[in-house]
Amino acid sequence: MEKVFLVLGYGIPKDIFEDLEYRFYLNNTFNSVFEYAQKNKDTKLRIIFSGGKTDMIAPYERSEAGEMKKYFDFLCKRDFVKNSTKKWSLLVDTKALSTMENIFNSKKIIEAKKIDCNQVGIFCEFTRKNRITKLAKTIFGSKYKFEVFTIDFSISANRYLGADYLLKKEQEAFKFDSWALRSEENFKIYHKNFSDKFKFLRSYGPDRHQEAVRDWWEQEIDFLKSLG
């Protein structure tokens, strides 16, 4: 039996090796996986990094998954851990544009590669825990046991908008996620919406990213209401 860990992406920094938030996130994720590996030496580990091409810097070709894997490769190859990590299998999903697609696509990878596992650990940002827990129950069903590990790494302005705002945002996002999972047609509309989102964010430029995120979300509320 194998163990799968999912590592969800959150944007793409200019240099992931210099980004304080991503380093905090991935360093803590690495340590958690390492501790599990030390206690379960006979269990094969698969780590899926999930996140698509959400780059805000032209030519917009980098993916969240690719950047996270690059940093994790660095962590794994350090002399004092490489004997333990050399058996880890690092996989990438470079198509997901949303939290729901992170989980949905990762399940598809598990099935496509016929990974023999029934336990999945999900690493994510702190404020997303409740929605990710509900999504994992919906997407994984009873076939997989899962555990959500949260890391409170964000120090951006949007992290401090208040509990009520964040709760409303997550509730509305889950409604959209659930709507998308009802049919293939809904899923296509959902994916296009997120593709449009990143075009919108890029139009503001990297220096106004936090402002762009807030403006998009205010616009998105009206769009979600139109779905009924």
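Residues numbered from 1 in each chain as written. Predicted model: local features only at pLDDT ≥ 70, side-chain atom pairs only at ≥ 80, totals over all residues. Heavy atoms only, no water.

Student: What is the right way to look at the packing of aromatic side chains in this model?
Tutor: Any aromatic ring pair is given by two values, namely how distant the centres are and how the planes are angled relative to each other. Evaluated as defined, the whole model comprises 23 aromatic pairs. Plain terms: the ring middles of Phe5 and Phe123 are 5.7 Å apart, the flat faces sit at 40° to each other, and that makes the pair tilted. Here Phe5 is found in strand E1 (residues 2–8), whereas its partner Phe123 is found in strand E4 (residues 117–125), with 118 residues between them in sequence. The exposure classification of Phe5 matches that of Phe123, with both residues buried. Here the aromatic cluster, defined as three or more aromatic residues joined through ring pairs, consists of Phe104, Phe176, Trp179, Phe187, Tyr190 and Phe194. Lying across the ring of Tyr60, Arg202 places its NZ or CZ 4.4 Å from the centre. (Phe/Tyr/Trp six-rings, centres within 6.5 Å; stacked < 30°, edge-to-face > 60°. Helix = DSSP H or I, 4+ residues; strand = E, 2+ residues; numbered from the N terminus. Buried < 20%, exposed > 50% of the residue type's maximum accessible area, 1.4 Å probe, protein only. Lys NZ or Arg CZ within 6 Å of the ring centre and 35° of its normal.)

Student: How do you make sense of the pattern of salt bridges when you look at a structure like this?
Tutor: In a structure, side chains of opposite charge can pair up when their charged atoms sit close to one another. Counting across every chain of the model gives 16 salt bridges. Between Glu170 and Lys169 there is a salt bridge, with the nearest N and O atoms lying 3.8 Å from each other. Classification of Glu170 by relative accessible area gives buried; the value is 9%. Between Arg208 and Glu211 there is a salt bridge, and its shortest N-O distance comes to 2.9 Å. Among the charged side chains, a network of salt bridges with common partners joins Glu125, Arg128, Arg131, Lys169, Glu170 and Asp177. (Salt bridge = Lys/Arg side-chain N within 4 Å of Asp/Glu carboxyl O.)

Any link to function would need more than the numbers given here.
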